[in-house]
Amino acid sequence: MKESKFKLVALDMDGTTYESLGNIVEENIEPINNTIKNGVKIVFVTGRPVHSKINRLELFNFDNDEETLFAGFNGALIFDITNNLKIDEQPISKDTAKAAFDLLKLEKFKDCNLWAYTTNPKISYISKDLFIAKDLQHEVPFFGSEPIVYNDNLEMYSCYKFLMFNGTIEFANELRNLSLEVAWTEGSFAGEVTKKGINKKYALEFLSKKYSIRQEEILAIGDGANDIPMFEFAGHSIAPANAHADVKKKAIEVSDFKNTEGVVAKALKKYILGEN
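In this text the structure is predicted, and so the values were computed from the model without any measurement.

Visitor: I would appreciate a short explanation of the pairing of strand β2 (residues 41-44) in the present structure.
Guide: For a regular strand, side chains alternate in direction, first toward one face of the sheet and then toward the other. By the bridge criterion, 4 bridges tie strand β1 (residues 8-11) to β2 in an arrangement that is parallel. Its bridge partner being in β2, Val9 is matched across the sheet by Ile42. One crossover worth recording links β1 to the parallel β2 by way of helix α1 (residues 29-37), and it is right-handed.

Visitor: Even after reading the chapter, I still don't get the domain arrangement of the protein chain, so can you show me in this structure?
Guide: Accessible area lost on assembly of the parts is the figure often given for the size of an interface. The assigned domain composition of the protein chain is domain 1 (8-89 + 198-272) and domain 2 (94-195). Taking only C-alpha atoms into account, the centre of domain 1 sits 25 Å from that of domain 2. For the pair domain 1 and domain 2, the interface holds 0 salt bridges. Run the count over domain 1 and domain 2 and you get 9 residue pairs in polar contact (both at pLDDT 80 or more). Per-class residue counts for the side of domain 1 that touches domain 2 are 8 nonpolar, 7 polar and 5 charged.

Visitor: Explain the sheet that holds strand β4 (residues 77-80) here, please?
Guide: Sheet strands associate in pairs through backbone hydrogen bonding, adopting either a parallel or an antiparallel arrangement. Pairing in this open sheet of 3 strands is antiparallel, and the strands run β3-β4-β5 from one edge to the other. The outermost strands of the open sheet, each flanked by one partner alone, are β3 (69-72) and β5 (85-89). Going across the sheet, the axis of each strand differs from the next one's by a mean of 25 degrees, ignoring polarity. Sheet analysis places β4 next to β5, joined by 4 bridges and oriented antiparallel. In the sheet register, Leu77 faces β5, and the bridge partner there is Glu89. In the packing of helix α5 (residues 200-211) onto the sheet, the strands contacted are β3, β4 and β5, and the crossing angle to β3 comes to about 160 degrees.

Visitor: Please explain the sheet that holds strand β14 (residues 253-254) as it appears in this structure.
Guide: Strand order in the open sheet made by the 5 strands is β2-β1-β12-β13-β14, with parallel pairing throughout. Edge positions in the sheet fall to β2 and β14, since each has one partner strand and no second. Where β1 and strand β12 (residues 218-221) come together, 4 bridges link them in parallel fashion. Bridge assignment links Ala10 to a residue of β12, and that residue is Ala220.

Cut-off values and rules
- Residues numbered from 1 in each chain as written.
- Predicted model: local features only at pLDDT ≥ 70, side-chain atom pairs only at ≥ 80, totals over all residues.
- Heavy atoms only, no water.
- Pairing = 2+ DSSP bridges.
- Helix = DSSP H or I, 4+ residues; strand = E, 2+ residues; numbered from the N terminus.
- Right-handed = clockwise from strand over helix to strand, strands pointing away.
- Domains from an automatic or database assignment.
- Salt bridge = Lys/Arg side-chain N within 4 Å of Asp/Glu carboxyl O.
- Polar contact = N/O pair within 3.5 Å; in protein donor to acceptor, adjacent residues only side chain to side chain.
- Nonpolar A, V, L, I, M, F, W, Y, C, P; charged D, E, K, R; others polar.
- Axes fitted to C-alpha atoms, helices over the stretch in contact; angles between N-to-C directions.
- Contact = heavy atoms within 4.5 Å.

Structure below.
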């Protein structure tokens with residue numbers, strides 16, 4: 001088999017390697033493990049929490065690696081899952097997090113909702129009760145326990161990421177005015193909010209420097225607005241057929257296959273494993 005020019009593959013999870021807000025697409029498991037076996041680094045670069053059970057990282061043959069990095073919360077936490085170590089973290093400050101929740105007190109933003117992943121792994125804050133803000137319920141399986149409705153009497157923590165539900169352009173811009181980065185397309189179910197400058201491009205730059213891997217040696221696959229910064233850095237980028245139109249415009253290649261049709265498996269076989 002001809003050696004691949006790619007040394008690192010950056011994989012988005014939801015809507016790419018996995019079903020949207022769901023489990024791994026089974027077709028992808030074997031090609032991912034064969035890629036690892038061939039010495040090419042697989043790094044999940046995702047908005048998901050690192051330790052979410054639904055990630056099912058036990059399916060992958062990372063055990064033989066001295067370290068296995070996972071870029072969670074869109075790069076705000078880069079974690080070595082082999083050695084259970086934080087490698088890099090770039091959270092939103094406590095004061096900025098509180099200011100973001102304070103925006104929701106304004107009448108014009110009363111229908112917007114936030115879910116905050118704090119740096120305390122046992123605490124996620126939400127802006128409204130789950131029974132009222134039903135859109136927040138979709139995140140519960142990723143956190144794994146009940147979030148807490150935030151109020152001013154609670155201690156605010158620094159936060160890796162916010163999820164914005166039922167967002168508006170004006171609310172997104174107000175978050176940006178707080179020096180936050182908002183990955184969101186109008187009309188999308190949710191937006192992802194991190195510290196300004198912290199995104200999937202940041203994660204790839206970090207990985208590139210750490211492993212001395214050039215940009216042209218990085219393959220990235222993703223479907224969402226938060227993948228666009230990653231596409232700006234990777235040597236080759238692929239958007240699955242189910243990706244948003246804005247994402248497809250930024251990708252070097254648009255696949256004919258959806259996430260559920262094994263777009264990741266097919267890309268790995270073509271570019272890494274040389275099977276087609």
